[in-house]
Amino acid sequence: MDNFFDLVPLVVLIPLAGLLINLFAGRQLGERGVSIVAVGASGMAFVIAVLLWIAQVNTGYKAAVIDMPILADWIVIPSANVTIPWAFRVDSLSVTMMLAVTGVGTLIHLYAVGYMHGDERFPRFFVYMNLFLVFMLILVTGNNFLMMFVGWEGVGLCSYLLIGFWFDKPGGVGWRNSDAARKALIVNRVGDFGLVLGVLITFWTFGTLDYYREGEAPIVPHAAAEEGAPLFAPALPAEEEAHAISGPLGVFNQAELWLEKGGHNVDFGMVSLSFETTLTLITLLFLLGATGKSAQIPLFVWLPDAMAGPTPVSALIHAATMVTAGVYMMVRANVFYHAAEFSSFVVAAIGATTALIAGFIALGQWDIKRVLAYSTISQLGFMVAAVGVGAYAAAIFHLVTHACFKALLFLGSGSVIHGMEHGHHHATHGHAGHADDEFDPQDLRFMGGLKERMPVTYWTYLFGTLAIAGIIPFAGFWSKDEILLDSLKAGVDKGLLSGYVGFVLLLTAAAFTAFYMWRQVSLIFLGKPRHAAAAHAEESSRVMTVPLIILAALSLLIGFINVPSGFPILGWLLGEHQFTSFLEHSVPYAHAGTFSFLLATFAVLLALGAIYLARSVYNDRALAVLREDPLALNTRTQRAFTLANAKLYWDEFYFTYVVYPYRNAAYWLAEQVDWRFLHDYVHERLLRDPFNAATRALTWRVDKQIIDRSFDGLGHAARRAASRLRRIQTGYVHIYAMSVLFGALLVMALILLPLIRDWLGL
Amino acid sequence: MGSSEVAVELYVLLSAVLFIMGAMGVLLRRNAILVFMSVELMLNAANLALVAFARQWASGAGHLMVFFVMTVAAAEVAVGLALIVAIFRTKKSIDIDNLHMFKG
Amino acid sequence: MELTLFIIVGGIALISAALMLISENAVYSALFLILNLMCIAFLFLMLNAPFLAMVQITVYAGAIMVLFLFVIMLLGAERTLPTIQSRFRWLAPAVVIMALLFLITVSVALINGEIIQTEPRKAEPQVRVVHVLDGVASLDVYLDGEAVAQDVAFRAATDFAPWREGEYELAIFEAGADPASANPLLVQPVTIERGKAYSLTATGRIGAPGARLVVAAHTLDFSGKKDGLRLVAVNALPDRPWVDVRDEVYDEVLVGALAYGEAREFELSKGTRSVALYTTGSQRAPVSELPEQALEANTLVLWVFAEQRQPDNSFTDVVISLQDKAATSFGSPTHIGQLLFTDYVLPFELVALLLLVAMIGAIVLTHESLAPRKVIERRLANPPPGLEQSTPGETGH
């Protein structure tokens, strides 16, 4: 079983192979071949993840670090003591993530085969999807922060590619799509900035980026942490202790050791910070990255716009997997967050606030996918808040359940949209009239009564709704309840303010969740069709509905993997905290929560109450002629609804106070620095003009005046001299003869000069 | 052989005077043929000086030089007179003051 | 006497030159020039250059001046132009000034040039061979491998030939022998100096120990006696080691104790002498006699007292008497010819070539062209604007 661990490179390489095949041979394979390759690759990755899980279970949940053959010495700089190998980590957390990603991913791949049918860039879509899988899996299986960063960036790239997949749609829609893609990338970039800084500081502090080395076990035993025992229990024999402190330990164990020792300082050249402060810094920077990727405040604005992409993309990336990368990262760094209390507080505050605000905004949206987008943000807020209060296992549990039902909801919405488009096409028989220009297949106001027309979609959607609302026995109940419990406990037991505040906020957010989800169900499926398109909508094909059914089943059942302790009957039946126990082996600070009957009942009742309230607001009469939302008509809720509909003017705020100033500054800088200074001044005045002056000087003064004149002058002088000298040639022979004789006389006199001088007496 | 009564300087002086007279003839006369004859006079003066010195130094090379000079003079006279004849054909005059076509 | 002659002839030369310059008639000028050339020829004779005098008369006066006269007649130029003035009026004074300057310079050079003080170089050495070697019919004589005389018979003497000075190896071979391979009969180093005339003699009997080479040198210089002559006596009698040469008439010993193989030079004044050869110390019977020798001034006389083998292998005494003019071959055609064909062959050939070229040139220049020359009009290929094109007659050569 051990050697199953060696299969882990394949989990990345098989989707890579799939995407390469589709990339180069996509056209030839056709839709059928491409879909087989893509779905097959994803499915095989899932199979390998299952094998790894089995191997984990059978080998006592030991973590394994597997080197990849070629890139084993990925970055090695001996002179700077830098060694970052490309190594895969197989432990419970990474296996969990792998299963979630590949499992949900395969189903979504299958769904996408039907959804994207007929698209002219069909192969390219699946290339991008597989690429996304590759990067996501690198992210979750990496053994060091740099590999995680590689995956992080890669999924950001894939989100850009996939959101803007329909960049060439006419009528300005293509521009909207590509704008959304750019927004996603740029906003993520802001978060990535924080992550990179965090990684660099981590490297500087610890000298390495590995989580744990090969064979290294997390230092803190779980039980000791829970019962308040001293944190430090040496996992290594005493004599290796001194060597191990600064030796080749992973990042987390080093941190533990330093925290125990205390007084360790990190020298940053100009300043020297204590280790605790450094950890706070690192965790805050990681948080910044998480807010970007996992769409928290303040960087969540890209997620609603990202709904411009195809629905499978929204489902896979923006519901199930990519957005959970931030949560995964923070859970992976649980050692840091556990130690940095201030950061945990900030994390919880941000998460809870985000959950509430996003839930509020979702109430006022008309686009079906927008509602789900804000819902995703809200649920992510739940997960982040869970991390903030130290409920790492709860966060991952909610991540898994959320992946299932959110994917279900998105795929269901995709099915609805498909049906609406179909119906519209049918209704107008292909001739779209002028009055129908404003028809939007995604707008809730045009839907209605689809319960009869699309029953499978309706029932699966209903399952998803109940799951997300947290109604027992659906999956969402278990995970959401755990989070609420843990946050309350954090407040009660440890006296953390974040616990209390978080609890209240999260509870309110849960109420909102139930309300807007039922609103959506009412508007889509209940009542009478409000538009011809809805009247003619048809159920989607089997290839789309089968994943829906599977996901619906999962939404019902997956909650049972982590029955809290103390739950009657089911706890005995299914085993308590199966999932948390599984996670504990890799997340040292994961702890299980006991069941609080009171809280659970209160939460369920609250959710049911919200659903009832929604049902009463969106009753049949309101649903019949829906022009305005009933909440908008009600004077008391009018203001709130307008705010919610306008997304709390968040984007406008950003534009006014961030984007426009930035852009104006960029324009100004471009104008002043680049054009006026660099181009006009430096290039033209400083460089070009002296150069031109120099060449002109050389050309005119040197070349023309001096050189040309001298050479021409030579010629002229020669000519003038010749014209004067030629007068010597008179043509008369005796003149010549005389000159000859004269010359001879001269020569003679010269030779006889001494004699002449003697004779003259000189 | 032996010293003669007439010193070699007298011969040389005579040769110089004859040379001068020849030079004056070359420069002053306008008839081309007379110019030529003056040139011959100059050559002879030179020959005289050569022979005088040949005896002084008892060298046969002096005689040989005179021999060559005479030969060259003969060649020169032949060509020169041929030129004068050719010029006369076109210009109908041998006044050298009229021969300045090579004026530069 | 010589001076007088010089002055007269020189004067005639000057006067004729002046008249040549002045006379108006070109023919008169030519004739005066001929007179001048004759005077110069005479001066050549006075300067020991007979060959050149001959050449002067023959070539210069005879050929060149005749050519001049032909051309004068041809061109009808006997009437020279009236004035002697040339176009440039400043010419005559300038020429006169130049002439005076020239004369002054020459005079200065002559006076201060110290030509008189310098010793005139001695004459080139002359060499001849006299054969009195018994046992060899005829000889070849070589100086350093170069043949001085070949096939010299017994009792015969060659003429004087000029030779370069230097040190040589005198070798005597049998006539016809190859000097490179055959063994010489006699070998002796000999120095040839300037100012002497050498008579190379081989005396004695070949094979006998007394055979030797005798080099008799005459000094080519008569600065001592006026009307004197130089005599060299050679004792070539192997049986008489010491002899005297006596003048019978004046009963005086001219040359005493002349050893065998010795050649001695002495000076005598001219006159008729009877000379006899006696063994030294005795006046009884003369060995040889030379009666009534008429000795002239300025001659070189050589007396070789030798013996000749008779058919019956007895020897009779003979005397070889040679008289040569002192200034023998300097300036003679022989001398000139020898120089011309040994040292100066290349210039000689070149000058001959020059004469040939001059002849051809003269012919070409005066030749009337066979075809009338066409007027060649040049056409400009790219005439600059404004330049008129002359109408072409016939283009092409």
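The written sequence of each chain sets the order in which its residues are numbered from 1. Lettering of chains starts at A and numbering of ligands starts at 1, both following the order in which they are written. Local features in a predicted model are, by the rule used here, given only for residues with pLDDT of at least 70; side-chain atom pairs are given and counted only at 80 or more, and totals for whole chains, interfaces and linings are based on all residues. By convention in this description, side-chain values take in all heavy atoms of the structure and omit both hydrogens and water.

Asks: Where do I start with the overall build of chain C in this structure?
Replies: Going along the chain from the N terminus, every DSSP run of H or I of four or more residues is numbered as a helix, and every run of E of two or more is numbered as a strand. For chain C, the count of helices and strands is six helices and 16 strands. The Shrake-Rupley method, run with a 1.4 Å probe, gives the accessible areas here. Residue values count only the displayed protein chains as cover. For chain C, the computed accessible surface area is about 21100 Å², with 59% contributed by carbon and sulfur atoms.

Asks: Is there a simple way to explain the interface of chain C and chain B in this structure?
Replies: How big an interface is tends to be reported as the loss of accessible area on association of its parts. Should any heavy atoms of two residues lie within 4.5 Å, those residues are counted as being in contact. Counting residues at the interface gives 86 residues for chain C and 72 residues for chain B. Taking both partners together, chain C and chain B bury about 7400 Å²; carbon and sulfur atoms supply 79% of that area. Only one rule defines a salt bridge in this text: a Lys or Arg side-chain nitrogen within 4 Å of an Asp or Glu carboxyl oxygen. In this structure, the connection of chain C to chain B is made through zero salt bridges. Two N or O atoms count as a polar contact when they lie within 3.5 Å, although within protein this holds only if one can serve as hydrogen donor and the other as acceptor, and sequence-adjacent residues are included solely when both atoms are side-chain atoms. Applying the counting rule to chain C against chain B returns five residue pairs in polar contact (both at pLDDT 80 or more). Buried area: the accessible surface (1.4 Å probe) lost by two parts on joining, summed over both.

Asks: Could you clarify how one ought to interpret the packing of aromatic side chains in this entry?
Replies: Within a pair of aromatic rings, the relevant descriptors are the distance that separates the centres and the angle that separates the planes. Residue and element names in this part refer to chain A. Here a pair means two rings of Phe, Tyr or Trp (six-membered ring of Trp) with centres within 6.5 Å. Their orientation is stacked below 30 degrees between planes, edge-to-face above 60, and tilted elsewhere. This structure, assessed with the given rule, holds 38 aromatic pairs over all chains. Consider the rings of F206 and F336, whose centres lie 5.7 Å apart with planes at 10°: the pair is stacked. Note that F206 is positioned in helix α5 (residues 173–206) and F336 in helix α13 (residues 334–339), a separation of 130 residues in sequence. Partly exposed residues are those whose accessible area sits between 20% and 50% of the maximum for their type, while under 20% is buried and over 50% is exposed, using a 1.4 Å probe and protein chains only. With relative accessibility at 6%, the residue F206 sits in the buried group. A ring pair is formed by F655 and Y660, whose centres lie 5.5 Å apart and whose planes are at 45°; its orientation type is tilted. Assessed through its relative accessible area of 34%, F655 is described here as partly exposed.

Asks: Can you help me understand the sheet that holds strand β13 (residues 271–279) of chain C in this one?
Replies: Strands in a sheet are paired, the pairing made by backbone hydrogen bonds, and the direction either parallel or antiparallel. Residue and element names in this part refer to chain C. Strands pair, by our definition, only if DSSP identifies at least two bridges between them. Within the open sheet, the four strands sit side by side as β11-β10-β13-β14. Their pairing is antiparallel. Every interior strand has two partners, whereas the edge strands, β11 (252–259) and β14 (288–295), have only one. With strand direction ignored, the average angle separating the axes of adjacent strands in the sheet is 20°. Relative to β13, strand β10 (residues 242–247) runs antiparallel, the two sharing five bridges. Along β13, the bridge assignment pairs V243 with T279. In this analysis an axis means a line fitted to C-alpha atoms, helices contributing only their contacting stretch, and an angle means the value between N-to-C directions, from 0 to 180 degrees.

Asks: Whenever I open this one, the confidence of the model for chain C confuses me. Can you help?
Replies: All names here are of chain C. Looking at chain C as a whole, the pLDDT averages 79, with 83% of positions reaching at least 70. For every residue, the predictor assigns a confidence score, pLDDT, that lies between 0 and 100. Mean pLDDT across the elements of chain C bottoms out in strand β16 (residues 315–325) (74) and peaks in helix α2 (residues 26–46) (94). Every residue in residues 391–397 scores below 50 in pLDDT, and together they form nine contacts with partners more than four places removed in sequence or on other chains.

Asks: What should I look at first to understand the pairing of strand β1 (residues 126–131) of chain C in this one?
Replies: One face of the sheet, then the other: side chains in a regular strand alternate in exactly this way. Residue and element names in this part refer to chain C. Burial analysis of β1 places six of its six residues in the buried class, which makes it a mostly covered element. Burial along β1 is two-sided: the residues Q126, R128 and V130 and V127, V129 and H131 are all buried. Bridging between β1 and strand β4 (residues 161–162) involves two bridges; their strand directions are antiparallel. Residue pairing for β4: Q126 is matched across the bridge by P162. Summarising the sheet, β1 and strand β7 (residues 196–203) pair through six bridges and their orientation is parallel. Residue Q126 lies in a different strand from β7, and its bridge partner there is A197.

Asks: Can you help me understand the sheet that holds β4 of chain C in this one?
Replies: The four strands lie next to each other as β4-β1-β7-β8 (chain C), forming an open sheet whose pairing is mixed. With one partner strand each, in any of the chains shown, β4 and β8 (212–219) of chain C form the two edges of the open sheet.

Asks: Any chance you could explain unusual backbone geometry here in plain terms?
Replies: Residues other than glycine predominantly adopt negative phi, and peptide bonds predominantly adopt the trans conformation. All names here are of chain A. Following I297, the chain continues to P298 via a peptide bond in cis, the omega torsion being 5°. With respect to the helices and strands, P298 occurs in the loop between α9 (275–293) and α10 (302–305). For the bond from I472 to P473, the omega torsion is 0°, close enough to zero to count as cis. In the Ramachandran plot, A295 falls in the positive-phi region, its phi being about 55° despite a non-glycine side chain. Mapped onto the elements, A295 comes out in the loop between α9 and α10.

Asks: Teacher, can you tell me more about a positive patch on the surface here?
Replies: All names here are of chain A. On the surface, a cluster of positive charge is made up of R720, R724, R726 and R727. The residue R720 is located in helix α29 (residues 650–725) in this model. By relative accessible area, which is 46% here, R720 ends up partly exposed. Within the patch definition used here, like charges are joined within 9 Å and nonpolar side chains (Val, Leu, Ile, Met, Phe, Trp, Tyr) within 5 Å, considering only residues with over 30% relative accessible area and no salt bridge. Lys and Arg are tallied as positive, Asp and Glu as negative. Neither His nor the chain termini are counted. By convention, charge coordinates are those of NZ in Lys, CZ in Arg, CG in Asp, or CD in Glu.

Asks: Is there a simple way to think about a nonpolar patch on the surface in this case?
Replies: All names here are of chain C. Taken together, the side chains of L346, L350, L353, L356, V357, M359, I360, I363 and V364 make up a nonpolar region of the molecular surface, amounting to roughly 880 Å² of accessible area. Here L350 shows up in helix α6 (residues 345–366). L350 gets classed as partly exposed once you look at its relative accessible area, which sits at 48%.

Asks: Explanation requested: the pattern of salt bridges in the structure shown.
Replies: Think of it this way: side chains of opposite charge can pair up when their charged atoms draw near. In total, this model carries 12 salt bridges over all chains according to the counting rule given. A single network of salt bridges, built from pairs that share partners, joins K183, D305, R370, K647 and D651 of chain A.

Asks: Is there a simple way to explain the nonpolar core in this structure?
Replies: Side chains that are nonpolar tend, in soluble globular proteins, to be buried together. Residue and element names in this part refer to chain A. To form a nonpolar core, buried Ala, Val, Leu, Ile, Met, Phe, Trp, Tyr and Cys residues must be joined to one another through side-chain atoms within 4.5 Å. Ranked by internal contacts, the top residues of the largest apolar core, which has 230 residues, are F145, F286 and F336. The biggest single contributor to this core is helix α16 (residues 392–427), with 19 residues. Built from parts of two domains, this core gets at least three residues from each of domain 1 (1–66 + 83–143) and domain 2 (144–427 + 439–645). Apart from residues no more than four positions distant in its own chain, F336 is found in contact with F145, F206, V251, F252, A255, L279, I282, T283 and F286. Throughout the structure description, domain borders are defined by an automatic or database domain assignment.

Asks: How do you make sense of the interface of chain B and chain A when you look at a structure like this?
Replies: Chain B puts 12 residues into the contact, and the matching count from chain A is 10 residues. Buried area between chain B and chain A, both sides added, is near 970 Å², and the carbon and sulfur share of it is 66%. Remark: the boundary between chain B and chain A carries zero salt bridges. Classification convention: Asp, Glu, Lys, Arg as charged; Ala, Val, Leu, Ile, Met, Phe, Trp, Tyr, Cys, Pro as nonpolar; all other residues, Gly among them, as polar. Split into classes, the residues belonging to the side of chain B that touches chain A amount to eight nonpolar, two polar and two charged.

Asks: Explain helix α11 (residues 311–320) of chain A here, please?
Replies: An α-helical turn contains 3.6 residues, so a residue and the one three or four places further along point in the same direction. Residues and elements named next belong to chain A. Burial analysis of α11 places 10 of its 10 residues in the buried class, which makes it a mostly covered element. Within the span of α11, buried status applies to T311, P312, V313, S314, A315, L316, I317, H318, A319 and A320. Buried residues in α11 make contact with α2 (92–115), α3 (122–141), α4 (145–163), α10, α15 (368–388) and α16.

Asks: I'm lost on the side chain of Q520 of chain A in this one. Help?
Replies: All names here are of chain A. For Q520, the position within the fold is in helix α20 (residues 497–525). Only 2.7 Å separates the side chain of Q520 from the side chain of Y461, close enough to count as a polar contact. Contacts of Q520, omitting those with residues within four sequence positions, involve I368, V371, L372, L444 and Y461.

Asks: I would appreciate a short explanation of α9 of chain A in the present structure.
Replies: How far a helix is expected to stretch is found by multiplying one less than its residue total by 1.5 Å. Spanning 19 residues, α9 of chain A covers 27 Å between terminal C-alpha atoms, matching the ideal 27 Å at 1.5 Å per step. Of all 19 residues in α9 of chain A, 14 are buried, a share of seventy percent or more.

Asks: It is not clear to me how the packing of α9 of chain A against helix α14 (residues 341–362) of chain A should be interpreted in this structure. Could you clarify?
Replies: Residue and element names in this part refer to chain A. Where α9 meets α14, the closest approach of the two axes is 9 Å, and the angle between their N-to-C directions is 20°. The pairing of α9 with α14 is recorded here as roughly parallel in orientation. Between α9 and α14 lies a crossing of right-handed hand. Facing α9, whose interface residues are T280, T283, L284, L287 and T291, α14 presents F342, S343, V346, V347 and I350. When describing relative orientation, an angle under 35 degrees is termed roughly parallel and one over 145 degrees roughly antiparallel, while 65 to 115 degrees is termed roughly perpendicular and anything else oblique. In a left-handed crossing the near helix is turned counterclockwise from the far helix by less than a right angle, and in a right-handed crossing that turn is clockwise.

Asks: What is the right way to read the pairing of β11 of chain C from this model?
Replies: All names here are of chain C. Across five bridges, the pairing between β10 and β11 is antiparallel. Considered in β11, the bridge of V243 is made with L258. Where β10 hands over to β11, the hairpin turn is made up of four residues, of which D251 adopts a positive phi near 50°.

Asks: I tried to follow the confidence of the model for chain A on my own but got confused; where do I start?
Replies: Note that predicted coordinates carrying low pLDDT should not be read in detail. On average, residues of chain A carry a pLDDT of 83, and 93% of them reach 70 or more. This stretch, residues 221–247 of chain A, has a pLDDT under 50; its non-local contacts, to residues over four places away or in other chains, come to 24 contacts.

Asks: Please clarify how the environment of M147 of chain A should be interpreted in this entry.
Replies: All names here are of chain A. The topology assignment puts M147 in helix α4. A relative accessible area of 0% places M147 in the buried class. Remark: the alpha-carbon pair of M147 and I84, spanning 63 residues in sequence, is separated by 9.1 Å.

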